[in-house]
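Coordinates in review
Single-letter residue listing:
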Amino acid sequence: MALIVQKFGGSSVGTIERIHHVASKVMHTRQEGHEVVVVVSAMQGETDRLIQLAQSLTPEPHPREYDILVSTGEQVSMALLAMALNAQNIPARSFTGHQIGILTDSSHTKARILNVKTETIKKSLADGFIVIVAGFQGINEHGDITTLGRGGSDTTAVALAAALKAEECQIYTDVEGVYTTDPRMLPEARLLPQISFEEMLEMSSLGAKVLQMRSVELASKHNLPIRVRSTFSDNPGTLVTFEEKIMQKRLVSGIAFSREEALIALTGVPNQAGVEGHILSKISDASIEIDMIAQNATDKEATDFTFTVSRKDYPKALATVQELADELGAVSPRCNPKVAKLSLVGIGMRSHAGVASNMFRALGNAGINIQMITTSEIKISVVIDEDSLDRGVRAVHEAFELDKLPLEKQQAFME
Ligand code: ASP
Ligand code: MG
């Protein structure tokens, strides 16, 4: 008998019919002889609806009240699931984050879990109950409800699985698992049977929405593999696990992208110590988060300083940069408010040269101009015009034969 944590996302509990379906899945795991702890998200669309309600009252709701409001969605789905199980004569009990003792810090709307108490869960399991826990919520030291950021139920599930030393953490969703890229954009995208924590972390941070980034961080910290799978099939899905456990090593695993980016380039910035820090502190004083940064000295006197921001911050960033340009005597900024970021991710590139040239060649052959490049050990990101994103993803996907699974063909790249 094993202890299994199963998390069901908003679409999995989106209707009463689907809640019945989830109940039968949970029941099935239980009948296999396992102890089951279930984490649920709010019913699909509910969290958005609550946020809209708040914003229709005031553009900046008080964070404490905001969290009280948006945490209610999970309370509905957890009780409905418990009722559905009880109706089948399966003993089940639902609990809020507060009742369990999911202690977080006080950063409302994006709180971090500090500690998870396990007594209540263990007692209910020992009494023969299936335990259902509200995802996305916790409580701070003052007893106020907090929430963990959008998609935070994944993190609740991983935190519970780690605290309970569960055998497996299963994340049930409406797709079959983690794909080489978003299958809604590229139907040729293939399901990955396995992916490493590190790659998944990059994919999540780069815009793949299948798992909340923090849940991947937490799982890798606790050495806890996560299985992402579909609520609506019996397929095994994708195992997110340690690099050493990956059986079929690939050169690259996937392509992540984000559309809503804007690029700002300051040319003719004085080539002096301290200028970069000055620019960045001005930007962060305006509460703007910078994503990519690149700088290079064009001659002895001047450098180009280029960065990207989220598109919603573009007007604010532009105003700040205009002030900076006047102050630094730099020539006026060159901007592109409609760019996208395309990133190729893979642990194989750590030890193999030629990945970048293959990627850039593919983009070049597709007639796509690269406006900025950044790299890390396992990732290459480029900024391109948003209009060419779909074509770019397709070209790179094809160039690395990600559409050919099993990836025997791709092994050739690794020789
Ligand atoms: N209901 C929350 C959201 O929509 C948390 C979650 O689904 O994980 O972001
Ligand atoms: Mg989610």
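Read on for an overview of the structure. Quick caveat, the model's predicted, so the values are computed rather than measured.

**Considerations on the overall build of the protein**
- Looking only at helices and strands, the protein has 14 helices and 18 strands in total.
- Expected size for 415 residues packed as a compact globule is a radius of gyration near 22 Å; at 23 Å, the protein falls within 12% of this value.
- With respect to the three principal axes, the spread of C-alpha positions in the protein is 75 × 55 × 35 Å.
- Sorting the 415 residues of the protein into buried and exposed places 52% on the buried side.
- Within the protein, residue pairs in contact and separated by at least 24 positions form 74% of the contacts whose partners lie at least 6 positions apart.
- Total accessible area computed for the protein in this model is approximately 18,700 Å², and 51% of it derives from carbon and sulfur atoms.
- Charge separation in the protein, taken as the distance between the mean sites of 40 positive and 51 negative side-chain charges, equals 4 Å.

**A few points about the packing of aromatic side chains**
- In the structure shown here, the tally under the stated rule is three aromatic pairs.
- Seen from their ring centres, Phe8 and Tyr172 are 4.7 Å apart, and the 10° between their planes marks the pair as stacked. With a gap of 164 residues between them, Phe8 in strand S1 (residues 3–8) and Tyr172 in strand S9 (residues 168–173) connect regions that are remote in the sequence. Across the pair, exposure class does not vary: Phe8 and Tyr172 are buried alike.
- Judged by centre distance (5.4 Å) and plane angle (75°), the ring pair of Phe197 and Phe242 falls under edge-to-face. With Phe197 in helix H8 (residues 197–205) and Phe242 in the loop between strand S12 (238–241) and strand S13 (254–270), this residue pair connects regions lying 45 residues apart in the sequence.
- For Phe242, a relative accessible area of 19% gives the class buried.

**Considering the pattern of salt bridges**
- One pass over the full model with this rule turns up 22 salt bridges.
- Measuring nitrogen to oxygen at the nearest pair gives 2.8 Å for the salt bridge that ties Arg64 to Glu65.
- One salt bridge in this structure joins Arg259 and Glu386, with 3.9 Å as the shortest N-O distance. Separated by 127 residues along the polypeptide, Arg259 in strand S13 and Glu386 in the loop between strand S18 (379–385) and helix H13 (389–399) bring together distant segments of the chain.

**Overview of the sheet that holds strand S16 (residues 334–345)**
- Strand order in this open sheet of six strands is S14-S15-S13-S16-S18-S17, and the pairing throughout is antiparallel. Edge positions in the sheet fall to strand S14 (290–297) and strand S17 (372–376), since each of these pairs with one other strand and no more. Adjacent strand axes in the sheet meet at a mean angle of 30°, parallel and antiparallel pairs treated alike.
- The pairing of S14 with strand S15 (residues 302–310) spans six bridges and is classified as antiparallel. Note that in S15 the partner of Asn296 across the bridge is Asp304.

**Notes on the site of ligand 1**
- In the vicinity of ligand 1, the contacting residues are Ser41, Ala42, Thr47, Glu74, Phe136, Arg150, Gly151, Gly152 and Ser153.
- At a separation of 2.7 Å, an oxygen atom of ligand 1 approaches a polar side-chain atom of Arg150.
- Within the backbone of Ser153, a nitrogen or oxygen atom sits 3.0 Å from an oxygen atom of ligand 1.
- For ligand 1, whose accessible area on its own is 260 Å², the fraction buried by protein is 86%.
- Grouping the constituent residues of the shell around ligand 1 by class yields two nonpolar, five polar and two charged.

**Considering the pairing of S16**
- Relative to S16, S13 is paired through nine bridges, and the arrangement is antiparallel. When the sheet's bridge partners are listed, Phe257 is paired in S16 with Leu342.
- Examined bridge by bridge, S16 and S18 share seven bridges and lie antiparallel to one another. Bridged to Ser343 within S18 is Ser381.

**Some points on the environment of Phe305**
- Along the chain, Phe305 turns up in strand S15.
- Residue Phe305 is classed as buried on the basis of its relative accessible area of 3%.
- Along the sequence, Phe305 and Gln295 sit 10 residues apart, while their C-alpha atoms lie 4.5 Å from each other.
- Those residues in contact with Phe305 that lie beyond four places of it in its chain are Ile264, Ala265, Leu266, Val269, Glu276, Ile279, Leu280, Ile293, Ala294 and Gln295.

**Section: the environment of Pro270**
- Inspection of the secondary structure assignment puts Pro270 in strand S13.
- A relative accessible area of 18% means that Pro270 is categorised as buried.
- Sequence spacing of Pro270 and Leu251 is 19 residues, and the spatial spacing of their C-alpha atoms is 40 Å.
- If sequence neighbours within four positions are ignored, Pro270 has contacts with Val275, Glu301 and Leu328.

**Brief notes about the side chain of Thr173**
- By secondary structure assignment, the location of Thr173 is in strand S9.
- Apart from residues no more than four positions distant in its own chain, Thr173 is found in contact with Ser12, Val228, Arg229, Ser230, Thr231 and Phe232.

**A look at the pairing of S17**
- Both S17 and S18 contribute to a ladder of five bridges, which runs antiparallel. Opposite Thr375, over in S18, you have Ile380 as the bridge partner.
- Counted along the chain from S17 to the antiparallel partner S18, the turn is two residues long.

**Overview of the side chain of Gln6**
- Relative to the helices and strands, Gln6 is located in strand S1.
- In contact with Gln6, not counting residues within four places along its chain, are Val26, Thr29, Val36, Val37, Val38, Val39, Gln170 and Tyr172.

Calculation notes
Residues numbered from 1 in each chain as written. Chains lettered and ligands numbered in written order. Predicted model: local features only at pLDDT ≥ 70, side-chain atom pairs only at ≥ 80, totals over all residues. Heavy atoms only, no water. Helix = DSSP H or I, 4+ residues; strand = E, 2+ residues; numbered from the N terminus. Rg over C-alpha atoms; globule rule 2.2 N^0.38 Å. Buried < 20%, exposed > 50% of the residue type's maximum accessible area, 1.4 Å probe, protein only. Contact = heavy atoms within 4.5 Å. Areas by Shrake-Rupley, 256 points an atom, 1.4 Å probe, with all protein chains shown as cover. Lys, Arg positive; Asp, Glu negative; His and termini not counted. Charge placed at Lys NZ, Arg CZ, Asp CG, Glu CD. Phe/Tyr/Trp six-rings, centres within 6.5 Å; stacked < 30°, edge-to-face > 60°. Salt bridge = Lys/Arg side-chain N within 4 Å of Asp/Glu carboxyl O. Pairing = 2+ DSSP bridges. Axes fitted to C-alpha atoms, helices over the stretch in contact; angles between N-to-C directions. Near = heavy atom within 4 Å. Polar contact = N/O pair within 3.5 Å; in protein donor to acceptor, adjacent residues only side chain to side chain. Nonpolar A, V, L, I, M, F, W, Y, C, P; charged D, E, K, R; others polar.

That is the geometry; function is a separate question.
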